[in-house]
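Next come the chains, spelled out residue by residue.
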Amino acid sequence: YHAVWYYGKDRGIFAEHGIDLEVLEGRGSATTAQTVGNESVMFGTADTGAVMALISQGLPVKAVAGYLRQSPLALIFPKKNGWKTFQDVAGARIGFSAGGATALIFPAVLKATGLEGKVRLIYMEPAAKPTALLEGRVDAIDSFDFLQVPLFEAKGLPVSTFPYAATGVNVPGLGLITSRNMIQKNPDLVRRFVAASVKALEATQKEPERALQSLLKVSPTLDRAIALRVLELSFNLFNSEASKGKPLGWVPPSDIEKAQDILVQYGGIKNRQPSETYFTNEFVPGS
């Protein structure tokens, strides 16, 4: 799903907007956000929930466009379980990581679905969860669906998912961030970068195989079939329920407010902020 940046560069989309793009490999959302905040880099992509928590603590960054506007978090389980709704999960063993990306969100999902106290959490490292599901040691795992589903398919285990966003628990996924200083001092560059990013996202959706080829130039060891499936599944997350009909990149204020409600309740944010502290739509074309 990072292919968009390499494809946007190869297609000349960023050059058309007067930008000489250099793509650097990240080290997780928190590190990326801090690197943008100290202005070592101009822009970054990072998990919206993680960034909101850091902004509430004073990190001087802001989201200027949505990339994956729906949460990628989901309960992933073998199709043979036969589950049709979240209520069918009662009594199940779920592979869970206390320090993982889902840890703050999962309690809200249990509450929203009436499953509090009705499932058994099996604690393990994030990397151990897929193997545990493959070996039948758990009945389901919570993780990023678009990343895990192709891997299980490749290993011969058909799976289904219950997206957390379907329960109303939607903390948007990746967002495009920049520093507050950049917004203040060079808004024209921010506007051009957001416009180029949106155009690159649109081009990647239309030509995923060509986009993947751009990624394979820099990551030749990737399994092409699995990587293509991951990329195509990521397109399902480009829109949330509240963003339908709005321009690509536009973030619904209601999604940010709901995300903050969840993060305040479950410990990600201690001091509530106005929604515009976290994001702005002013640079998204057509917004």
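Up top is the structure these notes are about.
Read on for a plain summary of the structure. Here the structure is a predicted model, which is why all the values come from computation and not from measurement. (Residues numbered from 1 in each chain as written. Predicted model: local features only at pLDDT ≥ 70, side-chain atom pairs only at ≥ 80, totals over all residues. Heavy atoms only, no water.)

## Topic: the overall build of the chain
Now for step 1: Helix and strand counts for the chain stand at 12 helices and eight strands.
Now for step 2: Here the C-alpha radius of gyration of the chain, 19 Å, is about what a compact globule of 287 residues would show, namely 19 Å.
Now for step 3: Dimensions along the principal axes, computed over C-alpha positions, put the chain at roughly 55 × 45 × 35 Å.
Now for step 4: Sequence-distant contacts in the chain: of pairs separated by 6 or more residues, those separated by 24 or more amount to 77%.
Now for step 5: Summed over all atoms, the accessible surface of the chain reaches about 13400 Å², with 50% contributed by carbon and sulfur.
Now for step 6: Charged side chains of the chain number 30 positive and 27 negative; the gap between the two group centres comes to 2 Å. (Helix = DSSP H or I, 4+ residues; strand = E, 2+ residues; numbered from the N terminus. Rg over C-alpha atoms; globule rule 2.2 N^0.38 Å. Contact = heavy atoms within 4.5 Å. Areas by Shrake-Rupley, 256 points an atom, 1.4 Å probe, with all protein chains shown as cover. Lys, Arg positive; Asp, Glu negative; His and termini not counted. Charge placed at Lys NZ, Arg CZ, Asp CG, Glu CD.)

## Quick word on helix α3 (residues 29-37)
Now for step 1: Among the residues of α3, T32, A33, V36 and G37 are the ones counted as buried. Seen from one end, α3 has its buried residues packed into an arc of 135°, which puts them on one side.
Now for step 2: Each element contacted by the buried residues of α3 is listed here: β1 (43-47), α4 (48-56), β2 (61-66) and β8 (174-179).
Now for step 3: Phi for E39, located one or two positions after α3, is positive at around 65°. (Buried < 20%, exposed > 50% of the residue type's maximum accessible area, 1.4 Å probe, protein only. Arc of directions from axis to C-beta.)

## Describing unusual backbone geometry
Outside of glycine, negative phi angles account for most residues, and trans bonds account for most peptide bonds.
Now for step 1: A positive phi angle, near 65°, is found at E39, a position not held by glycine.
Now for step 2: Mapped onto the secondary structure, E39 falls in the loop between α3 and β1.
Now for step 3: Residue classification places E39 among the partly exposed residues on the basis of a relative accessible area of 45%.

## Focus: the nonpolar core
Now for step 1: Grouped together as the largest cluster of nonpolar side chains are 55 residues, with contacts concentrated most on F14, Y67, L176, V190, F193 and V194.
Now for step 2: Beyond its immediate sequence surroundings of up to four residues, L176 is in contact with W5, F43, G44, T45, K62, A63, V64, A65, F193, V194 and S197.
Now for step 3: One finds A63, L75, A92 and I269 within the second-largest nonpolar core, a separate group that totals 41 residues. (Core = buried A, V, L, I, M, F, W, Y, C linked by side-chain atoms within 4.5 Å.)

## Considerations on the pattern of salt bridges
Now for step 1: Evaluation of the coordinates by the stated rule reveals 11 salt bridges.
Now for step 2: In this structure, the salt-bridge partner of E207 is R11, at a minimum N-O distance of 2.8 Å. Here E207 is found in the loop between α9 (187-206) and α10 (208-218), whereas its partner R11 is found in the loop between α1 (3-10) and α2 (13-16), with 196 residues between them in sequence.
Now for step 3: Residue classification places E207 among the partly exposed positions, given a relative accessible area of 25%.
Now for step 4: In this structure, the salt-bridge partner of D142 is K129, at a minimum N-O distance of 3.3 Å. With a gap of 13 residues between them, D142 in strand β6 (residues 140-144) and K129 in helix α6 (residues 129-134) connect regions that are remote in the sequence. (Salt bridge = Lys/Arg side-chain N within 4 Å of Asp/Glu carboxyl O.)

## With respect to the packing of aromatic side chains
Now for step 1: Scanning the entire structure with this criterion turns up 14 aromatic pairs.
Now for step 2: Taken together, a centroid distance of 6.1 Å and an interplanar angle of 40° make the contact between W5 and F14 tilted. We note that W5, like F14, is buried.
Now for step 3: Look at F77 and W83: their rings are 4.8 Å apart centre to centre, the planes differ by 45°, and that puts the pair in the tilted class.
Now for step 4: When its relative accessible area of 15% is taken as the criterion, W83 is described as buried.
Now for step 5: Through pairs of rings, three or more aromatic residues link up here, namely W5, F14, F43, Y67, F193, F235 and F238.
Now for step 6: Sitting over the ring of W250, K246 keeps its end group 5.0 Å from the ring centre. (Phe/Tyr/Trp six-rings, centres within 6.5 Å; stacked < 30°, edge-to-face > 60°. Lys NZ or Arg CZ within 6 Å of the ring centre and 35° of its normal.)

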